[in-house]
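Residue-level structural notes
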Amino acid sequence: MIEPTILAIESSCDDTSAAVIRGGKVLSNIVTTQAVHEQYGGVVPELASRAHQQNIIPVVHQALRTANVSKSELNAVAFTLGPGLLGALLVGCSFAKSFALGLGIPLIEVNHMQAHILAHFIDDPKPQFPFLCLTVSGGHTQIVLVKDHLDMEIIGQTTDDAVGEAFDKTAKMLGLPYPGGPMLDKKAALGNPDAFQFPVGNMPEYNFSFSGIKTSVLYFLRDKVKENPNFVEENINDICASVQKTLIKTLLKKLKLAANDLDIKEIAIAGGVSANSGLRQTLQESAKKYNWNVYIPAFQYCTDNAGMIAMAAHYQYLKGDFADQYVSPEPRLKF
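Residues numbered from 1 in each chain as written. Predicted model: local features only at pLDDT ≥ 70, side-chain atom pairs only at ≥ 80, totals over all residues. Heavy atoms only, no water.

Observations concerning the sheet that holds strand E8 (residues 151-157)
The condition is simple: Only when DSSP finds a minimum of two bridges between them are two strands counted as paired. Helix and strand definitions here come from DSSP, where helices need a minimum of 4 consecutive H or I residues and strands a minimum of 2 consecutive E residues; each element is numbered from the N-terminal end. Axis definition: a line fitted to C-alpha atoms, over the contacting stretch in the case of helices. Angles run 0 to 180 degrees between N-to-C directions. Any pair of residues with heavy atoms lying within 4.5 Å of one another is described as a contacting pair.
Here we have five strands laid out as an open sheet, ordered E8-E7-E6-E9-E10, and mixed in their pairing. Two strands close off the open sheet at either side, each with one partner strand: E8 and strand E10 (293-295). Adjacent strand axes in the sheet meet at a mean angle of 25 degrees when their direction is disregarded. Of the strand pairs in this sheet, strand E7 (residues 141-148) and E8 are connected by six bridges, and their pairing is antiparallel. Residue pairing across strands places isoleucine 143 opposite glycine 156, the latter belonging to E8. This element, helix H8 (residues 277-290), spans strand E6 (131-136), strand E9 (266-270) and E10 of the sheet and lies at about 180 degrees to E9.

Some thoughts on the sheet that holds strand E5 (residues 107-111)
Taken in spatial order, the five strands make up an open sheet running E3-E2-E1-E4-E5, and their pairing is mixed. Among the strands making up the open sheet, the edge pair consists of strand E3 (25-33) and E5. Pairs of neighbouring strands in the sheet enclose a mean axial angle of 20 degrees, with direction left out of account. Pairing between strand E1 (residues 5-10) and strand E4 (residues 76-82): four bridges, direction parallel. Residue isoleucine 6 lies in a different strand from E4, and its bridge partner there is alanine 76. Helix-sheet contacts for helix H2 (residues 86-103) involve E1, E4 and E5, and the interaxial angle to E4 is about 160 degrees. Against the sheet, helix H9 (residues 306-319) engages E1, strand E2 (15-22), E3, E4 and E5, with an angle of about 135 degrees to E1.

Notes on the pattern of salt bridges
Let me state the cut-off plainly: By definition here, a salt bridge exists when the distance from a side-chain nitrogen of Lys or Arg to a carboxyl oxygen of Asp or Glu is within 4 Å. Relative accessibility thresholds used throughout: buried, under 20% of the residue-type maximum; exposed, over 50%; partly exposed, between the two (1.4 Å probe, protein chains only).
One pass over the structure, following the stated rule, counts nine salt bridges. Residue lysine 245 is joined to aspartate 194 by a salt bridge in which the shortest nitrogen-to-oxygen separation is 2.3 Å. With lysine 245 in helix H7 (residues 231-262) and aspartate 194 in the loop between helix H5 (180-188) and helix H6 (211-227), this pair connects stretches of sequence that are 51 residues apart. A residue is classified by how much of its surface remains accessible, and lysine 245, at 38% relative accessible area, is partly exposed. Overlapping salt bridges, with partners in common, bring together Asp161, Glu165, Lys169 and Lys214 in one network.

Laid out in structure tokens, this is it:
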């Protein structure tokens, strides 16, 4: 089958998503965000699982309808195997297994983090192999050497917290509402990035550390608020801009080192944090400065979505990489 038609399902965290791809072209990409977590200031796993159960059938129905594809035209069903929240993954996995079994078509298990990288092959321009991909999200921070669609190697990663967690935790310290990362980004656009200084992590080789900056921000705010109870309110934009600059500087420092050492000019970013406007702008500036060819996915393919799962499934289908009905979710799935 040269142009397989695949239904893909993503349910790794708090977004229920379904997409349809045919011949490597994404025909639909439907995402339903769960608002229930806002009142808790973060994702509640049990509530996420229940919301996935409520959303998955309507989302799949809409994805098929938008793509103008019937169930009988599907050649395979793909789903996120991991990493992610176990309960959330179980909903997508169980639905995909049942759907594929009922239709008598193959099942494809997809690595969520690899799918983030393959989102770059949904639209043009597409990166040339080999390329480096800075994969940044709430749970992961990695520099990946991408040799082919299904041949990837992690050459650097965080030794503690992910950069997305650093964004979110800082936002929470500042009293910003959930989701904190995007709110911090908006505030940062209005502030002075040089107003305050925070430490830039420096781990061996291409690795990262973000626990230090979180601690630094915590003590900084504690001391400043003692001097002036209104300090955060009066300086919120400058604080956000300064923290964001530090986090981005940490990321780009290691990315530049890897690009120089491996002599690679093809540079990509992926994952939820790749939607950050500051990171996007800094990467574009770096492209001019270092003569890089930079690739940034469309916004809808940065955050968790089934379109990227579908693209990964497309290449796995062509390779004949199928799963059986005994497959189970793997919350801590590695490359």
